[in-house]
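# Results of the structural survey
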Amino acid sequence: MNIIEVENLQKTFKTKQKESGFKGGFQSVLKPQYKIIDAVKNITFSAKKGEIIGFIGPNGAGKSTTIKMLTGILFPTSGHIKVLGKVPSENRQSLAYEIGSVFGQKSQLWFHLPPQDSYNLFARIYELDQSAYLERLSFLIDSFEIGDLLKTPVRKLSLGQRMRCEIVASLLHRPKIIFLDEPTIGLDVIAKQQIRDVIKYFNEKEDVTIFLTSHDAGDIEALAHRTIVINFGEIVFDDSTDQFKKNYIKSKAIELFTSNEIKNFDFHGGKILSQTKFSLKIELDTAANSIDKLLDYAIKNYDIKDINISDPSMEEIITAIYKETRHG
Amino acid sequence: MSISMAVKYLKLTWLVQKINIMSAMEYRLSFLYQVFGMIINNTGLMFVWYIFFKKFPEINGWGFHETMLLYGVSTMSFALVWIFLFGSLWISSYIVKGQLDNYLLQPKNVLWSISVSRTDISAVGDFSFGIIVFIVSGYFTLGNIFIFLLVGIISAIIFYNLIVIVQSLTFWFGNFESVAEDFTNALLGFTLYPQTVYRGALQIIMYTIIPAAYISLVPVRLIKNFNFLDLFLMIAVAIITFIIANLVFFKGLKRYESGNLINVKM
């Protein structure tokens, strides 16, 4: 059964345009110029119960706009949406009882109060049975390891701690779907990993469908069963994450910094992207060779001072997708 | 809306306000300063009127006692809005900053969620001041207590509806915050003058474009000599403005564009 259905969905915004400077400002008052922006152009997709969907794309691709239409925040310009059989723009309130949402850039918790106070209020707003709520809360506190944070005002929490508390808030009413918009934005590696772990845990344990947007391909690699890539408001890829990885995360970028001069670098599958006397940037084809072998090779041949390993950026992935559609 | 639904919403309103007040109490000194500052501020204003009426004992049939009564009703009714529905004054700012998102995600009427999202603590001072002024105004009788509370609540509802209408225009006109704020201040300002000073065209304005009369003149008239005509007039205005407020807000909501500013709930 499809839990989310989206058909020919479109959203356009009318944005005022203004020349820079005072004169431009004056003109925009007298004769405003508008530009129509197609934030989302005609997208169609669906999701099954229990799936983790990774919805990715560069900044401004239409990720947030889509997620806001799915949760009933924005009215679509045209097209159809059904979430749990309901039309979000018409049944926003009743849908809200069944979905949870976390927006990385918007806090649901009261800034000056400890999370516990916000949770107690949410329990009343969602009309939860008091004893069931307390049981649920203590379970969530254990799973998210936020026991120590409950009595600290939110303003004093770190970003990662706050994000865990936010996700707990969205899970209190046992939603069937969780929408996460950039849940790992601004987090360090460890905090990111913690968030990914708990998302995965709840998906497996409670069969919660998860719709996740990110501009970090790492989130998707670690979590999503299926990946949808959106760019300029259009879906450019929609398939399993394995397929996505096989096709587009084929390489890693490795940067080496050495204390002796780098000469005669030669490693199968490694392509030199840039080189200075004491540093080297390599793109490694992970199908041809592995990272540990490259590192062995590097340590054997040079005095390594520092190493950076990174995934290809969203932009590189998008470029690769376009190249493929053009050639294939 | 059924009665049980209304009771549910009233109970929730109380719970949300408790949280808002708790949030304000995080800063104890500022909390106390706001509450007592407002009482002192209002007393000062009353004192100005006292001196004024010492010199000119009457303006078209209104003296110091009527003016006190006016202050009592209007201060109490706007304090009710500022305490329980203060979020309504933030609609414009929420729209511009894309902050409606949080409230749209809650499983409740979104206009309610926004309206109760804030509490102005200093209004507790206004509220107490309104009651005190009423008690000492010379119109304090057992029967009048009931009428005072009744018209105070109806004026508060009218006041709230007008705020929602003006604030919601932001959906159409973009950055409308300062205009909406000016309107509220104008409404407040016009309310707090002896209503008999308004004559002719100005009087018509007070019943129509800036309907301050229903929040000040009519309630005072009702307390001075109760009549059903005025009461029905007030109730009718409350219902009509409520319908308009809901129409404007929910029609505008379809135009909401959200945004990606980083938001927190204060």
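Residues numbered from 1 in each chain as written. Chains lettered and ligands numbered in written order. Predicted model: local features only at pLDDT ≥ 70, side-chain atom pairs only at ≥ 80, totals over all residues. Heavy atoms only, no water.

## Section: the overall build of chain B
The helix and strand inventory of chain B stands at 13 helices and one strand. Tracing chain B from N to C terminus, the helices and strands come up as α-α-α-α-α-α-α-α-α-α-α-α-α-β. In terms of C-alpha radius of gyration, chain B reaches 19 Å, essentially the compact-globule figure of 18 Å for 266 residues. Across its three principal axes, chain B shows a C-alpha extent of roughly 55 × 45 × 40 Å. Sorting the 266 residues of chain B into buried and exposed places 53% on the buried side. Long-range contacts, defined here as pairs at least 24 residues apart, represent 78% of the contacts in chain B between residues at least 6 apart. Summing over all exposed atoms, chain B offers an accessible surface of approximately 12400 Å²; the carbon and sulfur share of this is 73%. For chain B, the separation between the mean place of its 16 positive charges and that of its 11 negative charges on side chains is 7 Å. (Helix = DSSP H or I, 4+ residues; strand = E, 2+ residues; numbered from the N terminus. Rg over C-alpha atoms; globule rule 2.2 N^0.38 Å. Buried < 20%, exposed > 50% of the residue type's maximum accessible area, 1.4 Å probe, protein only. Contact = heavy atoms within 4.5 Å. Areas by Shrake-Rupley, 256 points an atom, 1.4 Å probe, with all protein chains shown as cover. Lys, Arg positive; Asp, Glu negative; His and termini not counted. Charge placed at Lys NZ, Arg CZ, Asp CG, Glu CD.)

## Looking at the overall build of chain A
Within chain A, the secondary structure is distributed over eleven helices and 14 strands. Taking the principal axes of its C-alpha atoms as reference, chain A extends roughly 70 × 55 × 50 Å. For chain A, buried positions account for 49% of its 328 residues. Total accessible area on chain A stands at roughly 15900 Å², and carbon and sulfur atoms take up 49% of it.

## Focus: the nonpolar core
Ile4(A), Val83(A) and Trp82(B) are the most contacted members of the largest nonpolar core, which totals 95 residues. Sorting elements by how many residues they give to this core places helix α8 (residues 142-168) of chain B first, with 13 residues. Discounting residues that sit within four places of it in the chain, Ile4(A) has contacts with Phe45(A), Ser46(A), Ala47(A), Leu70(A), Lys82(A), Val83(A), Ile177(A), Phe179(A) and Phe211(A). Formed by 60 residues, the second largest nonpolar core is a distinct cluster that contains Leu109(A), Phe122(A), Ala191(A) and Leu12(B). (Core = buried A, V, L, I, M, F, W, Y, C linked by side-chain atoms within 4.5 Å.)

## Here we look at a nonpolar patch on the surface
Judged by side-chain polarity, Phe226(B), Phe228(B), Phe232(B), Ile235(B), Ile239(B), Phe242(B), Ile243(B) and Leu247(B) come together as a nonpolar surface patch covering roughly 810 Å² of accessible area. Relative to the helices and strands, Phe232(B) is located in helix α13 (residues 228-253). (Patch = residues over 30% accessible without salt bridge, like charges linked within 9 Å, V, L, I, M, F, W, Y side chains within 5 Å. Salt bridge = Lys/Arg side-chain N within 4 Å of Asp/Glu carboxyl O.)

## Considering the confidence of the model for chain B
Here chain B averages 86 in pLDDT, and 95% of its residues register 70 or above. Here the predicted complex carries an ipTM of 0.81, next to a pTM of 0.84. (pLDDT = per-residue confidence, 0-100.)

## Some details on helix α6 (residues 159-171) of chain A
Residue and element names in this part refer to chain A. An ideal rise of 1.5 Å per residue puts 18 Å on 13 residues; α6 measures up with 19 Å between its terminal C-alpha atoms. By the criterion of burial, α6 is predominantly enclosed, with eleven of the 13 residues buried. Against β5 (99-103), β6 (106-110), α4 (115-125), α5 (130-144), β7 (177-181) and α7 (189-206) lie the buried residues of α6. (Expected span 1.5 Å × (residues − 1).)

## A closer look at the side chain of Thr258(A)
Considering the arrangement of structural elements, one finds Thr258(A) in strand β11 (residues 251-258). Ignoring anything within four residues of it in the chain, the contact list for Thr258(A) reads Phe278(A), Tyr302(A), Asp303(A), Ile304(A) and Lys305(A).

## Focus on the packing of aromatic side chains
Residue and element names in this part refer to chain B. Considering all chains together, one arrives at 27 aromatic pairs over all chains under this definition. Taken together through their ring pairs, the aromatic side chains of Phe78, Trp82, Phe86, Trp90, Tyr94, Tyr103 and Phe159 make up a single cluster. For the cation-ring pair, Arg118 lies above Trp90, with the distance from its terminal atom to the ring centre recorded as 3.6 Å. (Phe/Tyr/Trp six-rings, centres within 6.5 Å; stacked < 30°, edge-to-face > 60°. Lys NZ or Arg CZ within 6 Å of the ring centre and 35° of its normal.)

## Regarding the environment of Val73(B)
Residues and elements named next belong to chain B. Following the sequence through the fold, Val73 ends up in helix α3 (residues 64-84). A C-alpha to C-alpha distance of 8.3 Å links Val73 and Leu149, two positions 76 residues apart in sequence. If sequence neighbours within four positions are ignored, Val73 has contacts with Phe148, Val151, Gly152, Ser155, Pro219 and Ile223.

## Remarks on empty space enclosed by the protein
Scanning the entire structure with this criterion turns up six cavities of 30 Å³ or more. There is about 160 Å³ of room inside the largest cavity. Lining the largest cavity are 17 residues, with Ser101(A), Gln108(A), Tyr126(A), Leu105(B) and Gln106(B) positioned closest to its centre. Secondary-structure elements contributing two or more residues to the lining of the largest cavity are α3 (92-96), β5 and α6 of chain A together with α5 (100-104) of chain B. (1 Å grid on protein atoms, 1.4 Å probe; cavity = no way out; pocket = protein on both sides within 12 Å on 5 of 7 lines; lining within 4 Å. Points joined across faces, edges and corners; volume = space filled by probe spheres on them.)

## What to know about the pairing of strand β3 (residues 52-56) of chain A
All names here are of chain A. Summarising burial for β3: five of the five residues are buried, a large majority. The side-chain alternation of β3 yields two buried faces, one formed by Ile52, Gly54 and Ile56 and the other by Ile53 and Phe55. Alignment of β3 against strand β8 (residues 209-214), held across five bridges, turns out to be parallel. In the strand pairing of β8, Phe55 is matched with Thr213. Inspection of the sheet shows β3 paired to strand β9 (residues 226-231) by four bridges, in the parallel sense. Looking at β9, one finds that Gly54 is bridged to Thr227. (Pairing = 2+ DSSP bridges.)

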